[in-house]
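A structural walkthrough
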Amino acid sequence: MPKGITKQAETVQNLWNGSWIAALATGVVVWGLILWSVAFHRKKKHSKDELPPQVRYNLPIEILYTVVPIIMVGVFFFFTARDQNYVNAMSGHPDVKVKVEGFQWSWRFTTDYNGKQVEVVGRPAGDYTKGPQLVLPAGKKVEFDLVSPDVIHSFWVPAFHFKRDVIPGVDNKFEVDTLEKSGVFAGRCAELCGVDHSRMLFSVKLVPQAEFDQYIASQAGAQ
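Conventions and cut-offs
Residues numbered from 1 in each chain as written. Predicted model: local features only at pLDDT ≥ 70, side-chain atom pairs only at ≥ 80, totals over all residues. Heavy atoms only, no water. Helix = DSSP H or I, 4+ residues; strand = E, 2+ residues; numbered from the N terminus. Rg over C-alpha atoms; globule rule 2.2 N^0.38 Å. Buried < 20%, exposed > 50% of the residue type's maximum accessible area, 1.4 Å probe, protein only. Contact = heavy atoms within 4.5 Å. Lys, Arg positive; Asp, Glu negative; His and termini not counted. Charge placed at Lys NZ, Arg CZ, Asp CG, Glu CD. Phe/Tyr/Trp six-rings, centres within 6.5 Å; stacked < 30°, edge-to-face > 60°. Lys NZ or Arg CZ within 6 Å of the ring centre and 35° of its normal. Pairing = 2+ DSSP bridges. Axes fitted to C-alpha atoms, helices over the stretch in contact; angles between N-to-C directions. Salt bridge = Lys/Arg side-chain N within 4 Å of Asp/Glu carboxyl O. Core = buried A, V, L, I, M, F, W, Y, C linked by side-chain atoms within 4.5 Å.

In terms of helices and strands, the protein chain carries 3 helices and 10 strands. Order of helices (α) and strands (β) in the protein chain, N terminus to C terminus: α-α-β-β-β-β-β-β-β-β-β-β-α. A globule of 223 residues ought to have a C-alpha radius of gyration of about 17 Å, yet the protein chain, at 25 Å, is considerably larger. The principal-axis extents of the C-alpha atoms in the protein chain amount to approximately 90 × 40 × 30 Å. Looking at the protein chain as a whole, 31% of its 223 residues qualify as buried. For the protein chain, the share of sequence-separated contacts (at least 6 apart) that also reach a separation of at least 24 residues comes to 66%. Treating the 24 positive side-chain charges of the protein chain as one cloud and the 22 negative ones as another, the clouds have centres 9 Å apart.

Shown next, in the form of C-alpha cells:
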C-alpha cells in the first residue's frame, strides 16, 4: 500500500481504476465491431443490390450479445458491492466523532472527543485556507455524522478519497481512517447548492495525537 494512503482510500482507488479499465475494454470492443461492420458489410460500389447482404436470426450471436453483458454487469456488481460493504462498515468504536452541518454556504464542525466538544463555524471563503478548519488526529478512526438544515450539499475531502452527500432529513453516518501523516488538506462542497456554492470551502488539519489532545483541551476550555 502506498505510503500516506489508508486501506479505505486504496480500495476506492482500485475500484475506480478497475472501472475505467473495464469501460475502456468495452469501448475497444464496441469500436472494433462498428469498424468491422462498416468495412465488411457496406454496400459494394458497383453492386446492383439496393442493400448490402443482410444477416438475420443468427442465434449464436444473439446469445453472445445477451450473455456477455450479463456477465459484465455481474462482475461490476460483485466488486462494487464488496468494496461498498467494506468502505461503509461501521466499527461502532471511533476514536473521534464529528458532526458536520452543511448550510448555505459554509460548514459547522462539532468535534466530540473524550467527553469534550469543540465547535467551529465557518463563513463563505474564496480560499480553503480561509474557510473553517476541522482538526483531527492522524492515523485514527473518525465517525462523521452529516446533516443539513436547508438543501443538499456534499462533503468532499479529495485527499481522503471520499465524498458523501449531506441530505436534509437523511441520517448519514460513516467512518474514515485518517491519513498517517500530518498536513492541511482542502475540502469543499461538491453539490451545486446555490449562489455561493463555489465559496463553500474548508480545510482538514491532521496533527499528531499529542497535539490534538492539547487542541481539544484548549478549545473546549475556551468555549
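Evaluation of the coordinates by the stated rule reveals 16 aromatic pairs. Seen in terms of ring centroids, phenylalanine 160 and phenylalanine 162 are 6.1 Å apart; in terms of plane orientation they differ by 35 degrees. Their pairing is tilted. Following the ring pairs from residue to residue traces out a cluster consisting of Trp107, Phe109, Phe144, Phe155, Phe160, Phe162, Phe174, Phe185 and Phe202. Seen from the ring of phenylalanine 174, arginine 164 lies directly overhead, with NZ or CZ sitting 4.4 Å from the centre.

Attention shifts here to the sheet that holds strand E10 (residues 201–207). Strand order in this open sheet of 5 strands is E4-E10-E9-E6-E7, and the pairing throughout is mixed. The open sheet has two free edges, formed respectively by strand E4 (133–137) and strand E7 (162–166), since each of these has just one partner strand. Recorded for the sheet is a direction-independent mean angle of 25 degrees between the axes of neighbouring strands. Of the strand pairs in this sheet, E4 and E10 are connected by 5 bridges, and their pairing is parallel.

Here we take up the pairing of E7. Side-chain positions along a regular strand alternate between the two faces of the sheet. Here E7 shows one buried face, formed by Phe162, Arg164 and Val166, and one open face, formed by Lys163 and Asp165. The pairing of strand E6 (residues 153–157) with E7 spans 5 bridges and is antiparallel. Bridging across to E7, tryptophan 156 finds its partner in lysine 163. Linking two consecutive strands that pair antiparallel, namely E6 and E7, is a turn of 4 residues; a positive phi of about 60 degrees is found at histidine 161 within it.

Moving on, we come to the pattern of salt bridges. All chains considered together, the criterion is met by 4 salt bridges. Residue aspartate 177 is joined to lysine 141 by a salt bridge in which the shortest nitrogen-to-oxygen separation is 2.8 Å. Placement of aspartate 177 in strand E8 (residues 172–177) and of lysine 141 in strand E5 (residues 141–147) is noted, with a sequence separation of 36 residues between them. With relative accessibility at 23%, the residue lysine 141 sits in the partly exposed group.

So, on to the nonpolar core. Formed by 34 residues in total, the largest nonpolar core has its most connected members in Val98, Trp107, Leu136, Phe144, Phe155 and Phe160. In terms of residue count, the dominant contributor to this core is E10 (4 residues). Every residue in contact with valine 98, bar those within four places of it in the chain, is listed here: Phe109, Thr110, Thr111, Leu134, Leu136, Val142, Glu143, Phe144 and Asp145.

With respect to burial, E10 is a largely interior element, 6 of its 7 residues being buried. Sheet topology places strand E9 (residues 183–189) next to E10; 6 bridges connect them, and they run antiparallel. Residue pairing in the sheet places valine 184 in a bridge with lysine 205 of E10.

Take the side chain of threonine 111 next. Summarising the element assignment, threonine 111 is placed in strand E2 (residues 106–113). Owing to a relative accessible area of 4%, threonine 111 belongs among the buried residues under this scheme. Sequence-distant contacts of threonine 111, that is, excluding residues within four places in its chain, are made with Val96, Lys97, Val98, Lys116, Gln117, Val118, Leu134, Phe212 and Ile216.

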